[in-house]
Amino acid sequence: MGCRTLRVSLSIVDDYMPLDNDDDPESMVDDYDSPLTDLEESTCSSEYSSLSEMSSEDSGSEYGGETYKEQPAKKRARATTVTDAGKAPAAKGSSRRKKTLSLIITMPIDMLLEIFSLLDPADLLHLSRTNKAFRNVLLSNNAISVWKAARVNRGGVPDYMPGMSEAKWANLLFGGSQCCVCGTKGVQRIDFGIRRRACTSCLKKNLTFEGNFKGKFPDFDPIIMDLIPFTNIGGWAHGHASGSKFFWSADVLKTAEQLGMYQKDVHMFKPRAKQVLEDFKQSRKEYVDSVVHHAKVCYKWVNEDRERYILCASELRSQNKELIKVRLVHLGHDAKDVKRMLDRHDYRGVDKELTDARWKRLLPRIECKLSELKEEWRLEDQSHASYLRKAHLLDMYNTYLCDVAEYINSPPTGKRESDIEACGAFADRIPEFCAGYLHQTKVALTQLLAPTTDVLQDPLTLQSQGTDAHDNALQLATSVFQCLHSRFFPLITWDKVQQRKCFCHSQGMRQYYFGSTSSSACTFSISQPGVTAACSLLSLVGLDAKITTATTMDQQQRRFFCSNCPPKPEKGGSYRMAMDWRQSVFHYVEQQDPSHAEPRWELLSAAQLEFISANERVWYCNKCDKHRGNPATKIVVMDHVRWHGITAPNEGVDFSCDQSKGLVERPPPGTKFFVTPQKPTGSGKTQQSQPPNKSNGNYRCQHCNVKGLQRTFILDGVKQHIKAKHKIDSPSEDLDFCKVK
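Residues numbered from 1 in each chain as written. Predicted model: local features only at pLDDT ≥ 70, side-chain atom pairs only at ≥ 80, totals over all residues. Heavy atoms only, no water.

### Details of the overall build of the protein chain
What the protein chain contains, in helices and strands, is 28 helices and 17 strands. Split into buried and exposed, the 741 residues of the protein chain put 36% on the buried side. The long-range share in the protein chain, meaning contacts at least 24 apart out of those at least 6 apart in sequence, stands at 61%. When the accessible surface of the protein chain is totalled, it reaches about 45,100 Å², and 53% of it is carbon and sulfur. (Helix = DSSP H or I, 4+ residues; strand = E, 2+ residues; numbered from the N terminus. Buried < 20%, exposed > 50% of the residue type's maximum accessible area, 1.4 Å probe, protein only. Contact = heavy atoms within 4.5 Å. Areas by Shrake-Rupley, 256 points an atom, 1.4 Å probe, with all protein chains shown as cover.)

Here it is, written out as structure tokens:
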């Protein structure tokens, strides 16, 4: 080429590992052989030289200096196969040439650098380790801009630390998790104070505590500690910072050697030796300050990059789960089984991009796991169903089939066939026993209602009218009973009576199957406070107590204030509990004090009722199961429905009110209605309406709080914590996390 080439040996120690020296300004000038050296010193421009020429010229410089061109081995001729007819097969036509990147080294360097500038630092490191040609290009001064562009492509990577090159900085961050001393893998943490990635064992061996400096280096001047970068995390600290300083031993020896040279010049009375020594000390102190400042920037970037990675991984995991669910359902699997599997089990494959090749590898394992889980679920469901059936049959045995005990304990007949022959007859009579028990219970409850209220007909008349008359009487809103085991728990209508179970200690067959606690038959009576409260509520809304059923009262959707209860203060304001009629009955029965001698209620106005309806957490989406078991407010549910592509949600069609509270044994508590507004905070808003402050850690995980842990998070942080730690994909406030007051 007519160009004089300066070959630079690239077999420099620590080319891709953190330096053992400090690389301070003096050492960089005196004895640091930087890998970013011009590969050519010539009169011609290196921009137009090809990578193949550079590789051929430097092929022998690192291996003894002798350059030779190795001759390729001769190919062995392929033996032709003779067919049965004794003729050689016809030669096939030449196939299409395979695509290859072998000619990329013939491209001009400026084009290569332009291509390399589109990569990440990790990709550049991999390229530099591919062959000498790429190594020479990427470690040249011309490639400095490429490394800078790679940092920009990676996103927010800070500038390289003082005394380090771009290549060494990229290797420290993205060159792998190996220890810089022993090569141990899996070292994730980088100590930017000492600019090294070291394992715990090497940190213990090489770090020197400032208090032990004189004992370990008795001949060194303690001023060296002011000239060396340090870390606040010791080898035994397990990653926790302290107020002490720890120095890397190799840095101490290197700096001591440099300081000794300058001090020797002073002792030899060389001109300006003292000034040079002071300049060296000052430059080293400035260098240490710059390292400490830059380390803080790097630690901040590491934390932000980790959070960004976790967030992206969580989003990718959610997308992959939805994609896996769609594909498995398309293959014929049940959607509920797939959702149940993905909610309870995590797979490593969903943390990466779900390509077609990865899907082919994952599909057999996922289908195998799904089949195993389906079998486990089948056994669990079967066990649960068997338990419930056994419990129901034992209830029937203890409640209805009292005569069976005589049959069981009767003397044997002497023939096994005769002893079990009558079991079939008892089994055939089970429906008869059940129907008779229910009818007798309804008749007894109806007779209990007549003496205590004047709203029912004569019990004999009701008995003559048949079963329908008893059913109608027991469905009235004034049919309020109580169990003798829990007098302050009202049972409204027959529906609650037949669901009521009392738990007590029992013996015999039930204890054999279920342990020491079980349910037994209840003894019911009229709840006079409950009947009184129900009658007063019916009178307030203008309904007839003789014919109004509990279902009719539920459909009224009225709300009441207890006039006997004064407003309660909270956060500078005061509130009253807004209750429906079932909650009001419970409230009056449970309030056994002189202030509630008689029920007194206040009916909410239409405006108050509208406010309660908008803020009550009783609404759910009809398009998905997001709010099943966890209802939300009307506004929240309407905003959620719009995510389904419905711009104008319709009540009753797209979302509905949760009517299940009338089906449970105990209704939920009422809703707070502030009659006096709360005091505003500094921002001018009430504390109740103030949005959460995302900049402060003012949220706490409810699951960890049960264990006694008091860790606080920001809003996004606590949601990510619950998803990762407790495997809950959609955490909700108050149930999974709460705001710290």
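The discussion continues.
### What about the packing of aromatic side chains?
Across all of its chains, the model carries 11 aromatic pairs by this definition. Seen from their ring centres, Trp 169 and Phe 192 are 6.0 Å apart, and the 55 degrees between their planes marks the pair as tilted. Placement of the pair is Trp 169 in helix H7 (residues 166–174) and Phe 192 in the loop between H7 and helix H8 (200–206), with a sequence separation of 23 residues. Pair check on accessibility: Trp 169 and Phe 192 agree, each one buried. Ring centres 6.4 Å apart and planes at 65 degrees place the aromatic pair Phe 230 and Phe 247 in the edge-to-face group. A residue pair is termed long-range when its members are at least 10 positions apart, and Phe 230 in the loop between helix H9 (213–216) and strand E2 (246–248) and Phe 247 in strand E2 qualify at 17 residues. Accessibility classification places Phe 230 together with Phe 247 in one group, the buried group. (Phe/Tyr/Trp six-rings, centres within 6.5 Å; stacked < 30°, edge-to-face > 60°.)

### Considerations on helix H24 (residues 581–590)
With respect to burial, H24 is a largely interior element, 9 of its 10 residues being buried. Every buried residue belonging to H24 is among Trp 581, Arg 582, Gln 583, Ser 584, Val 585, Phe 586, His 587, Tyr 588 and Val 589, and all of these are buried.

### Side note on the pairing of strand E3 (residues 480–483)
Going residue by residue along E3, you find Val 480 and Gln 482 tucked away on one face and Phe 481 and Cys 483 tucked away on the opposite face as well. Pairing of E3 with strand E7 (residues 524–526) involves 3 bridges; the strand directions are antiparallel. Bridging from a neighbouring strand, Gln 482 pairs with Ser 525 of E7. (Pairing = 2+ DSSP bridges.)

### Notes on the pairing of strand E10 (residues 573–578)
Most of E10 sits inside the fold, with 5 of its 6 residues counted as buried. When strand E9 (residues 568–570) meets E10, the two strands line up antiparallel, connected through 3 bridges. Across the sheet, Pro 569 pairs through a bridge with Ser 574, a residue of E10. Linking two consecutive strands that pair antiparallel, namely E9 and E10, is a turn of 2 residues; a positive phi of about 55 degrees is found at Lys 571 within it.

### Details of the environment of Thr 523
Within the secondary structure, Thr 523 is located in the loop between strand E6 (517–520) and E7. Taking relative accessible area as the criterion, Thr 523 reaches 44% and is therefore assigned partly exposed. Considered as a pair, Thr 523 and Leu 484 are 39 residues apart in the sequence and their alpha carbons are 5.8 Å apart. If we skip the residues at most four places from it in the chain, Thr 523 touches Gln 482, Cys 483 and Leu 484.

### As for the side chain of Arg 151
Along the polypeptide, Arg 151 turns up in helix H6 (residues 144–154). If we skip the residues at most four places from it in the chain, Arg 151 touches Pro 121, Gly 156, Val 157, Pro 158, Asp 159, Glu 166 and Trp 169.

### So, helix H10 (residues 249–267)
The end-to-end C-alpha separation of H10 is 26 Å, in line with the 27 Å expected for 19 residues at 1.5 Å each. The complete set of buried residues in H10 reads Ser 249, Asp 251, Val 252, Lys 254, Thr 255, Ala 256, Gln 258, Leu 259, Tyr 262 and Val 266. (Expected span 1.5 Å × (residues − 1).)

### Some remarks on the nonpolar core
Ranked by size, the top nonpolar core spans 32 residues in total, and within it Leu 445, Phe 481, Val 497, Trp 581, Val 585 and Trp 601 carry the most contacts. The element best represented in this core is helix H22 (residues 528–541), accounting for 6 residues. Among residues more than four places away in sequence, those in contact with Val 585 are Pro 490, Ile 492, Gly 530, Ala 533, Ala 534 and Leu 537. By size, the runner-up hydrophobic cluster in this structure holds 31 residues, among which are Leu 125, Leu 139, Ala 150 and Phe 174. (Core = buried A, V, L, I, M, F, W, Y, C linked by side-chain atoms within 4.5 Å.)

### Focus: the packing of helix H4 (residues 121–128) against H6
Axis separation between H4 and H6 bottoms out at 8 Å; the angle between their running directions is 140 degrees. With respect to their mutual orientation, H4 and H6 come out oblique. Across the interface between the two elements, Pro 121, Leu 124 and Leu 125 of H4 pack against Val 146, Trp 147, Ala 150, Arg 151 and Arg 154 of H6. (Axes fitted to C-alpha atoms, helices over the stretch in contact; angles between N-to-C directions. Parallel < 35°, antiparallel > 145°, perpendicular 65-115°, else oblique.)

### Digging into the state of the cysteines
Under the criterion given, the structure shown has 0 disulfides. In this structure Cys 621 is a free cysteine whose sulfur lies 4.0 Å from that of Cys 624, the closest cysteine sulfur available. Using a relative accessible area of 1% as the deciding quantity, one classes Cys 621 as buried. Its sulfur unpaired, Cys 704 is 3.8 Å from the next cysteine sulfur, which belongs to Cys 701. (Disulfide = S-S within 2.5 Å.)

### Notes on the sheet that holds strand E15 (residues 699–701)
Taken in spatial order, the 3 strands of this open sheet run E16-E15-E17, and their pairing is antiparallel. This sheet does not close on itself; its edge strands, each paired only once, are strand E16 (712–713) and strand E17 (737–739). Relative to E17, E15 is paired through 3 bridges, and the arrangement is antiparallel. What sits directly across from Cys 701, in E17, is Phe 737. Relative to the sheet, helix H28 (residues 715–726) contacts E15, E16 and E17, its axis offset from that of E15 by approximately 10 degrees.

### Here's the deal with unusual backbone geometry
Leaving glycine out, the prevailing phi sign among residues is negative, and the prevailing peptide bond configuration is trans. One non-glycine residue, Arg 195, lies in the positive phi region at around 60 degrees. Note that Arg 195 resides in the loop between H7 and H8. Classification of Arg 195 as buried rests on a relative accessible area of 3%.

### Observations concerning the environment of Ser 479
Position of Ser 479 relative to the elements: it lies in the loop between helix H19 (467–474) and E3. Judged by its relative accessible area of 1%, Ser 479 is buried. For the pair formed by Ser 479 and Gln 528, sequence separation is 49 residues and the distance between their alpha carbons is 10.0 Å. Aside from chain neighbours lying at most four places away, what touches Ser 479 is Leu 449, Ala 473, Leu 474, Leu 491, Ile 492 and Thr 493.

### Focus on the layout of surface pockets
Considering only enclosed or pocket space, the second largest pocket measures out at about 970 Å³ in volume. What lines the second largest pocket is a set of 31 residues, among which Gln 188, Ile 190, Phe 192, Val 302 and Arg 306 lie closest to the centre. Residue assignment for the lining of the second largest pocket shows that the elements contributing at least two residues are H4, H7 and helix H11 (273–330). Take the lining of the second largest pocket: its biggest share by element is 10 residues, from H11. (1 Å grid on protein atoms, 1.4 Å probe; cavity = no way out; pocket = protein on both sides within 12 Å on 5 of 7 lines; lining within 4 Å. Points joined across faces, edges and corners; volume = space filled by probe spheres on them.)

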